[in-house]
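# Secondary and tertiary structure notes
These are the residues of each chain, in order.
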Amino acid sequence: MATEVERDRDYALGEVRRQAAGCQNCPLWEIGTQTVFGVGPASAMLMLIGEAPGYQEDQQGMPFVGPAGRLLDDALAQAGIDREDIYVTNTVKHRPWVPGGRQGKNRPPKQNEINACRPWLEQELAIVRPQIVGCLGAIAAKWILGRDFKLSQQRGRWLSSDVAPHVLATIHPSYVLIQPSDSRDRCRNTFFADLRLIGQKLTELERRAA
Ligand code: URA
């Protein structure tokens, strides 16, 4: 059963989620279906942070429920991580996109959109206080570790930051999906191996806390 403190933190997260639902901090709200806030228990030891919602996330209002989410689910399963136990969110909470095709085309968030969304992720981090943060892609990694962070040189390594003692950045699952077939497997293996590192750290910390 949840303790009173846990219930308070879930309530606090719910309050922030309600505020974020009406966010108009940048123009993305005008072209989005809804705010896609983080999902998971406030007591989660692990927070995964992506870039921004895509089409499916925008439609369903939940992070990582489209093709990238399915790849993430596979990697989590292989790493022995239960998605129900972790907190999954994004750096930017509205979908950045441009017209094109049936669903529009995703585009990377601009710096002003990342800055405008900053208070939401700051509050999620302050309430959840994760022991481990997994950054999915360079945008989340730079948010957490600073603008000088280089994914090409520093991915797959344990680092620490003010927001969490254990931070590991990996490639974004969408990046794996857009690779040409000759490099997709290698990229997928790298992503899965990094998620396994996160799973091992989580097990280690859970054992220590038990
Ligand atoms: N890509 C992201 O970064 N986040 C999502 O929620 C989906 C795709």
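Preceding this section is the structure that the text describes.
Basis of the calculations
- Residues numbered from 1 in each chain as written.
- Predicted model: local features only at pLDDT ≥ 70, side-chain atom pairs only at ≥ 80, totals over all residues.
- Heavy atoms only, no water.
- Pairing = 2+ DSSP bridges.
- Helix = DSSP H or I, 4+ residues; strand = E, 2+ residues; numbered from the N terminus.
- Axes fitted to C-alpha atoms, helices over the stretch in contact; angles between N-to-C directions.
- Contact = heavy atoms within 4.5 Å.
- Near = heavy atom within 4 Å.
- Polar contact = N/O pair within 3.5 Å; in protein donor to acceptor, adjacent residues only side chain to side chain.
- Areas by Shrake-Rupley, 256 points an atom, 1.4 Å probe, with all protein chains shown as cover.
- 1 Å grid on protein atoms, 1.4 Å probe; cavity = no way out; pocket = protein on both sides within 12 Å on 5 of 7 lines; lining within 4 Å.
- Sits in = over half its atoms within 2 Å of the grid points.
- Nonpolar A, V, L, I, M, F, W, Y, C, P; charged D, E, K, R; others polar.
- Points joined across faces, edges and corners; volume = space filled by probe spheres on them.

Before going further, it helps to spend a moment on the sheet that holds strand 1 (residues 46-50). An order of 2-1-5-7-6 is seen for the 5 strands of this open sheet, with the pairing classed as mixed. Each edge of the open sheet carries a strand with a single partner, namely strand 2 (87-90) and strand 6 (159-161). Each adjacent strand pair in this sheet contributes to an overall mean axis angle of 30°, direction not counted. Bridge count for strand 5 (residues 132-136) against strand 7 (residues 164-170) is 5 bridges, and the pairing is parallel. If you follow Val133 over to strand 7, its bridge partner there is Val167. Packing of helix 6 (residues 138-145) onto the sheet brings it into contact with strand 1, strand 5, strand 6 and strand 7, and relative to strand 5 it is tilted by some 140°.

Okay, the site of the ligand next. What surrounds the ligand is the set Gly50, Glu51, Ala52, Glu57, Pro63, Phe64, Asn90 and His172. Between the ligand and Phe64 there is a distance of 2.8 Å, counted from an oxygen atom to a backbone nitrogen or oxygen. Here His172 contributes a side-chain N or O atom positioned 2.7 Å from an oxygen atom of the ligand. Protein chains shield 94% of the accessible area of the ligand, which is 240 Å² for the free molecule. Among the cavities detected, the one that contains the ligand is the largest pocket. Of the residues assigned to the shell around the ligand, the class counts are 3 nonpolar, 3 polar and 2 charged.

Moving on, we get to the layout of surface pockets. Of the pockets and cavities examined, the largest pocket occupies roughly 690 Å³. Of the residues belonging to the lining of the largest pocket, the class tally is 15 nonpolar, 11 polar and 6 charged. Size it by volume and the second largest pocket reaches roughly 200 Å³. The wall of the second largest pocket is formed by Gln111, Ile114, Asn115, Arg118, Ile139, Lys142, Trp143, Gly146 and Arg147. If you tally residues by element for the lining of the second largest pocket, the top one is helix 5 (residues 111-128), at 4 residues.

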